[in-house]
Amino acid sequence: MHDSTERPNTHRGKKWNRSKFVQKMKRHGQRGSQLQLDEFKYLSAILDNITGDKETEDRQLMASNVMGQLKGKEIRTAMNLVGSRVLENLIVYTDEETFAPLMDLFAENFRVFCGDKFASHVLQRVLSTALLRAVAPLQKKHPANEQEEISKKKQKFGGEGWNEKCIWPGVEYCLQEEYSEEHRERCCKFVERMARFLMNNLEEFVANGSACHAIRQIILHLAGITEKKPIEGNETKHLTVPEAWQKLLHEFSERLLSWPQFSDFASTEASSVLLQDLLRAVAVTNDAVQLKQLLTKIYKEVFLASAKEKKFDPESETQPNLPSVFTNPTIVRLLEMCIAVAPVEFLKNKLYVKLFRGHVQQLALSKAGLFAVQKLIDHTTDKDLMDLIFSELEDSLEQLLSVGHTGVLLVLARACGRLNCQQGKFVKLLLDALHCGESATEKLIMAVLGLHPADGPVRDPPNILMHGSLILQAILFYTKPIKFVTALLGMPNDRLAEIFMDQRGSFIANAFVESKFVGEKSREKMVRHLEGQYSRLALHINGSRVVEIMFEAGNPAQRESIVRELAEECLPQLNNRVWGAKINKRLLVETYKQNPAQWRVLIKRDVKVTQLFTKLVGGKKRKLESSN
């Protein structure tokens, strides 16, 4: 399904297929290569053996053996498609004696590696590895429960990597491995040396695609940022770095600010992205003066200069007459980053007033300004500014639905909840746009989930859009979500179960239970309302989550009722599925089937232990274990 909150050409929904990728590399990897045939075959075989299930010791051993075989051939290996991929995966796991000479080799050949489309990736991996080894002692150790959360997030988002095509990323490995102080100091000097080299050759390298990637990476690394792309909805994570690196970053910023014809620098794709990364880096260092200086320069010489080039004509009907700032995609991307990092006053008094005011509705309905409007709403923390934006959009919700720009509705719903403003008005306007203000409970819920008018054709199975589900979840956290609470409880429980078995719809159960504005009685009604559907839910991968959620939300009698239903109706099938086996183990369904009295004792004891443990250390609930 297409996510309208994301930019075109990103995350197209195609899962990365490693085997196809490797085969394609092999087919094209020897063209124009300086490697001999036997060397190429050796590297191809190594690439086949780099699989994600290998243990750390195996990775270290392979890195040691392969780097020994490639000694003296590192440069031409790095300049080959297959060779560069092998080096990218192995370098992280090299020991001090192997990695130190590599840094010297790369330092002596910076220019060669920066300009080559394959070797530049290896250079970036060496840089990242040196960064992690250098700054590891400066990082704070996470408590055990935080480590568990971090581990779960890594598994959810694809591991610990720098990119999804890196089979052995090794970020945590580099941060946890023991290295000598001398080696860490050497890594630190390598990062600084590379930063100064790229800074001194900025004019030459900024127009080179491969070298520009290296410049962007060094800028982010000087601020302690390891991921190249910001993660939407999360603050940029960064490592603690030496104070001298922040001074180098400041020099980078000064060099770019003094660039002749600065406005042209923002008009090309590569250099615009470079400015975006610089904004990200300066923002995480909390250097408010430097950030304001950079934002002001971009605002005056890029945004205002573009706005003067073309007068806005509000009466033009022949074509979308957007403000000229929004006619250049690279400038729009830069504007989005400025919105994300700008202080509240700068966002309100400069960016909104000069670029958005009076045009928000038009921009939200256009493809060119859609994401900029979403960024603006998503990063607004001032209620007065939110009221101004809302007033411009309140008459266009139905138009936004008709053109499929549902991402604007989502960020609007979230902003109303976040800032505790315009909540009732947003709900009314949304229901009016969906023609479901007076509809029956089921039609109302399905109209919101599918973001289609309630008077349209009924779809079976129910059509649940991601944005529709997220909007409903946001509304459940409003101060008065009673209309939707009543509607959910008024639905037939088999239809409600269908929603909860959907990947997107299942998270509505989380919002219903977690919202402090959904009363305790309503939660208990929901647990009771789903009786008769728990066995059906437990056998489904998404529904099984809902069973656990409702079990935790129910009172002791309701918990026993849930487990009794599972024991009587679907116990034999539970262990045939991974998620079913988890439910069986978590809720002790088999124990209940054998001995209900023992189950009550175990459940009661677990509740007491969990409450005590939470009071003492703020820990998480332990898993129930049968004494059998």
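Our subject is the structure listed above.
The sections below set out a description of the structure shown in this document. This structure is a prediction, so every number in the text was calculated from the model and none was measured.

Looking at a negative patch on the surface
The grouping of Asp53, Glu55, Glu57 and Asp58 at the surface amounts to a negative patch. Inspection of the secondary structure puts glutamate 55 in the loop between α2 (37–49) and α3 (56–69).

Points about the nonpolar core
Ranked by internal contacts, the top residues of the largest apolar core, which has 203 residues, are Phe303, Leu351, Phe356 and Phe500. Among the elements that make up this core, the one with the highest residue count is helix α8 (residues 119–135) (ten residues). Look past the residues within four positions of phenylalanine 303 in its chain and what remains in contact with it is Ile298, Val325, Ile331, Leu334, Leu335, Cys338, Leu351 and Leu355.

Concerning the packing of α8 against helix α11 (residues 181–200)
Packing of α8 against α11 brings their axes to within 8 Å, and their N-to-C directions diverge by 135 degrees. Between α8 and α11, the interaxial angle falls into the category oblique. At the point where α8 passes α11, the crossing takes the left-handed sense. Residue-level inspection shows Leu123, Val126, Leu127, Ala130, Leu131, Arg133 and Ala134 of α8 in contact with α11, the latter providing His183, Arg184, Cys187, Cys188, Phe190, Val191 and Met194. The class makeup of the residues in the contact of α8 with α11 is eleven nonpolar, one polar and two charged.

Brief notes about unusual backbone geometry
In the Ramachandran plot, histidine 435 falls in the positive-phi region, its phi being about 55 degrees despite a non-glycine side chain. Tracing the chain through its elements places histidine 435 in the loop between α25 (423–433) and α26 (441–450). The partly exposed category is assigned to histidine 435, whose relative accessible area is 35%. Unusually for a residue other than glycine, leucine 451 sits at a positive phi of about 50 degrees. Tracing the backbone through its elements, the reader meets leucine 451 in the loop between α26 and α27 (466–476). On the accessibility criterion, leucine 451 (9% relative accessible area) is buried.

Cut-off values and rules
Residues numbered from 1 in each chain as written. Predicted model: local features only at pLDDT ≥ 70, side-chain atom pairs only at ≥ 80, totals over all residues. Heavy atoms only, no water. Patch = residues over 30% accessible without salt bridge, like charges linked within 9 Å, V, L, I, M, F, W, Y side chains within 5 Å. Areas by Shrake-Rupley, 256 points an atom, 1.4 Å probe, with all protein chains shown as cover. Salt bridge = Lys/Arg side-chain N within 4 Å of Asp/Glu carboxyl O. Lys, Arg positive; Asp, Glu negative; His and termini not counted. Charge placed at Lys NZ, Arg CZ, Asp CG, Glu CD. Helix = DSSP H or I, 4+ residues; strand = E, 2+ residues; numbered from the N terminus. Core = buried A, V, L, I, M, F, W, Y, C linked by side-chain atoms within 4.5 Å. Buried < 20%, exposed > 50% of the residue type's maximum accessible area, 1.4 Å probe, protein only. Contact = heavy atoms within 4.5 Å. Axes fitted to C-alpha atoms, helices over the stretch in contact; angles between N-to-C directions. Parallel < 35°, antiparallel > 145°, perpendicular 65-115°, else oblique. Left-handed = near helix turned anticlockwise from the far one by under 90°. Nonpolar A, V, L, I, M, F, W, Y, C, P; charged D, E, K, R; others polar.

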